[in-house]
Amino acid sequence: MTDNIDTIKKCCGCTPPSGDQQQQTQSIDLSVHSHHGILFKWIEQFKFSYGVIDLRDTIQYQSKHIKHTTSIPFNELPIRIFELPPRGQEEEYIVTKESLQQVMNDLAFRSGYIIHFVINLEDDSHLWQKLTKLDLVQSGSQSRLLWQACSFLTDSIQEVEDSLRKEKEKSSMTTTKESIETIITALDLGCGSGRDCLYLAQRGGWTAVGVDNSDTLLSKMTEAANRYNLSDRIQSYNIDLEPVQSDEPYHDTDYSNRQLKSTTKEDLEKLQHLEATLLNLSPGQEGYELVNVARYLYRPLLPIIASIVKPGGFVLYHTFMVPSNGKPKRPRFLLNYNELKERFLSSKFEIIKYQETKLLEDGRPVQFLLARKPIN
Ligand SMILES: C[S@@+](CC[C@H](N)C(=O)[O-])C[C@H]1O[C@@H](n2cnc3c(N)ncnc32)[C@H](O)[C@@H]1O
């Protein structure tokens, strides 16, 4: 018991998991009952702040589960591993599953996650009684989302929402929160498996339109949206966002008057067609309150983004910048110094937040911008 508590204390020291911690994981005592103390510590002391995965099958979960846990049936874990937060954070997991050794082998070692303890929930009437007394047992399909949106989005979303609501209130003269909330639409370009779209959808008040050219990734997003009852708030489209060849010449593009140097008339038409397509996906074809781009760059899209954001709306962008620190390497995927700021300033956006050369956990430099389109 003491060993287990020690393990959790060490991991709350806010240091990314290291080889040493992997070692600790291997030496964890898996005896079932000794871990109840840590479960109650998660409830009482940590206030559900980290993820607890229930690996039982869906029927078992829906008939009875602990509140604030996440249902991922064990056999679905390999294809749903993307739903977990990124590896290498100071997260702890309680995993509930009958076959403890299987969990250790399959999840922790193969995927690199750290498991702090495992509880066998079945047939433990004493545990269920205790949890019921604390009003922590429920039935049904509610399941907590574990994956994380990009932190630039989560750190800025409240500010974006407050500003949009204020403008809506002014323009529609309405004060009911509901009528304002239902009409916020975000477009996520290069949305991948939808971490940001799903986050916005589950926040409430948002409809998220995710665009990517990978069916595999888009289907992960739609499957997750279905599982978490978010499908009415998420739309996904397979669209090639790169209709024309774009390489280094686009560094010279004059975005202020939207002339694309080194571009043929045919290329311009293709880009105009892309702009019209993206606009058509927005409600009333009027544009988006938020265009979000995370870790994706195709320079000809920048003026299109500026155009399809509604007046008073926002662009939230972060992606890799020079110098390359591994991947990506090609200049066309790397922003230059101050580039996002200059691009959107030249489109007359107001810069709300700007961060240059923020380093990701793996050391790759990124640039981040939150900018607002003027109302007039
Ligand atoms: C590094 S991922 C970022 C995914 C997501 N935004 C995130 O942060 O998790 C880049 C995404 O851009 C998409 N992408 C690349 N080329 C594309 C294209 N020509 N059209 C549409 N999407 C594209 C990829 O499929 C991939 O999902």
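Read on for an overview of the structure.

Criteria and thresholds
Residues numbered from 1 in each chain as written. Predicted model: local features only at pLDDT ≥ 70, side-chain atom pairs only at ≥ 80, totals over all residues. Heavy atoms only, no water. Helix = DSSP H or I, 4+ residues; strand = E, 2+ residues; numbered from the N terminus. Buried < 20%, exposed > 50% of the residue type's maximum accessible area, 1.4 Å probe, protein only. Contact = heavy atoms within 4.5 Å. Areas by Shrake-Rupley, 256 points an atom, 1.4 Å probe, with all protein chains shown as cover. Near = heavy atom within 4 Å. Polar contact = N/O pair within 3.5 Å; in protein donor to acceptor, adjacent residues only side chain to side chain. 1 Å grid on protein atoms, 1.4 Å probe; cavity = no way out; pocket = protein on both sides within 12 Å on 5 of 7 lines; lining within 4 Å. Sits in = over half its atoms within 2 Å of the grid points. Nonpolar A, V, L, I, M, F, W, Y, C, P; charged D, E, K, R; others polar. Salt bridge = Lys/Arg side-chain N within 4 Å of Asp/Glu carboxyl O. Pairing = 2+ DSSP bridges. Axes fitted to C-alpha atoms, helices over the stretch in contact; angles between N-to-C directions. Points joined across faces, edges and corners; volume = space filled by probe spheres on them. Disulfide = S-S within 2.5 Å. Right-handed = clockwise from strand over helix to strand, strands pointing away. Arc of directions from axis to C-beta.

Points about the overall build of the protein
Summing up its helical and strand segments, the protein has 14 helices and 13 strands in all. Taking all 376 residues of the protein together, the buried fraction comes to 49%. A sequence separation of at least 24 residues applies to 69% of the contacts in the protein between residues at least 6 apart. If you sum the accessible surface of the protein, you get close to 17600 Å²; carbon and sulfur atoms cover 49% of it.

Some remarks on the site of the ligand
Taken together, 15 residues are adjacent to the ligand, and Gly190, Arg195, Asp212, Asp240 and Ala294 come closest. At a separation of 2.7 Å, a nitrogen atom of the ligand approaches a polar backbone atom of glycine 190. Here a nitrogen atom of the ligand and a backbone polar atom of leucine 241 are 2.9 Å apart. Out of a free accessible area of 590 Å², the ligand has 76% covered by protein chains. More than half of the atoms belonging to the ligand lie within 2 Å of the grid points that define the largest pocket. A per-class count over the shell around the ligand returns six nonpolar, four polar and five charged.

Re unusual backbone geometry
Residue valine 322 is joined to proline 323 through a cis peptide bond whose omega torsion reads -5°. By secondary structure assignment, the location of proline 323 is in the loop between β11 (309–320) and α14 (339–346). Put simply, lysine 327 and proline 328 share a cis peptide bond, and its omega is -10°. Summarising the element assignment, proline 328 is placed in the loop between β11 and α14. The backbone of aspartate 135 sits at a positive phi, close to 60°, despite the residue not being glycine. The residue aspartate 135 is located in the loop between α7 (125–133) and β6 (137–138) in this model. Unlike most non-glycine residues, asparagine 229 shows phi in positive territory, near 55°. The topology assignment puts asparagine 229 in the loop between α11 (215–227) and β9 (234–238).

With respect to the pattern of salt bridges
Scanning all chains against the criterion turns up 17 salt bridges. Notably, a salt bridge pairs glutamate 161 with arginine 203, separated by 2.7 Å at the nearest N-O pair. Of this pair, glutamate 161 sits in helix α8 (residues 151–172) while arginine 203 is found in helix α10 (residues 195–203), placing the two residues 42 residues apart along the sequence. For glutamate 223, the salt bridge identified is with arginine 227, shortest N-O distance 3.9 Å. Taken together, the residues glutamate 223 and arginine 227, both in helix α11 and four residues apart, mark about one turn of the helix. Members of the salt-bridge network, linked through shared partners, are Glu167, Lys170, Glu350 and Arg372.

Some points on the sheet that holds β9
Within a beta sheet, neighbouring strands are joined by backbone hydrogen bonds and run either parallel or antiparallel to one another. As summarised here, the arrangement of the seven strands in space is β9-β8-β7-β10-β11-β13-β12, forming an open sheet in which the pairing is mixed. For this open sheet the edge positions go to β9 and β12 (350–359), each flanked by a neighbour on one side alone. For this sheet the average axis-to-axis angle between neighbouring strands, irrespective of direction, equals 15°. Of the pairings in the sheet, the one linking strand β10 (residues 288–294) to β11 comprises six bridges and is parallel in character. Each bridged residue has a counterpart across the sheet, and for asparagine 292 the counterpart in β11 is leucine 316. Along the sheet face, α8 touches β7 (184–189), β8 (206–212), β10, β11, β12 and β13 (365–372) and points at about 175° away from the line of β11.

Notes on the layout of surface pockets
Roughly 1200 Å³ of volume is contained in the largest pocket. Along the walls of the largest pocket sit 46 residues, with Cys150, Arg195, Ala294, Arg295 and His318 positioned nearest its centre. Split into classes, the residues belonging to the lining of the largest pocket amount to 24 nonpolar, 11 polar and 11 charged.

Considering the state of the cysteines
As enumerated under the stated definition, the model contains zero disulfides in all. The thiol sulfur of cysteine 191 is not disulfide-bonded, and the nearest other cysteine sulfur, from cysteine 197, lies at 4.8 Å. Judged by its relative accessible area of 8%, cysteine 191 is buried.

Here's the deal with the pairing of β9
Inspection of the sheet shows β8 paired to β9 by five bridges, in the parallel sense. The partner of aspartate 212 across the bridge, within β9, is asparagine 238. You can see the chain leave β8, run along α11 and come back into β9, and the turn it takes is right-handed.

Let's talk about helix α13 (residues 301–308)
Of all the eight residues making up α13, seven are buried; the element is thus mostly covered by neighbouring parts of the structure. Buried residues of α13: Leu301, Leu302, Pro303, Ile304, Ile305, Ala306 and Ile308, and no others. Packing partners of the buried residues in α13 comprise β7, α12 (265–280), β10, β11 and α14.

Regarding α7
Listed in full, the buried residues belonging to α7 are Leu127, Trp128 and Leu131. Angular distribution of buried residues about the axis of α7 spans 95°; they occupy a single face of the element. Residues of α7 that are exposed and point over 90 degrees away from its buried face: Ser125, His126, Gln129 and Lys133. Trailing α7 by a residue or two, aspartate 135 shows a phi angle of about 60°, which is positive.

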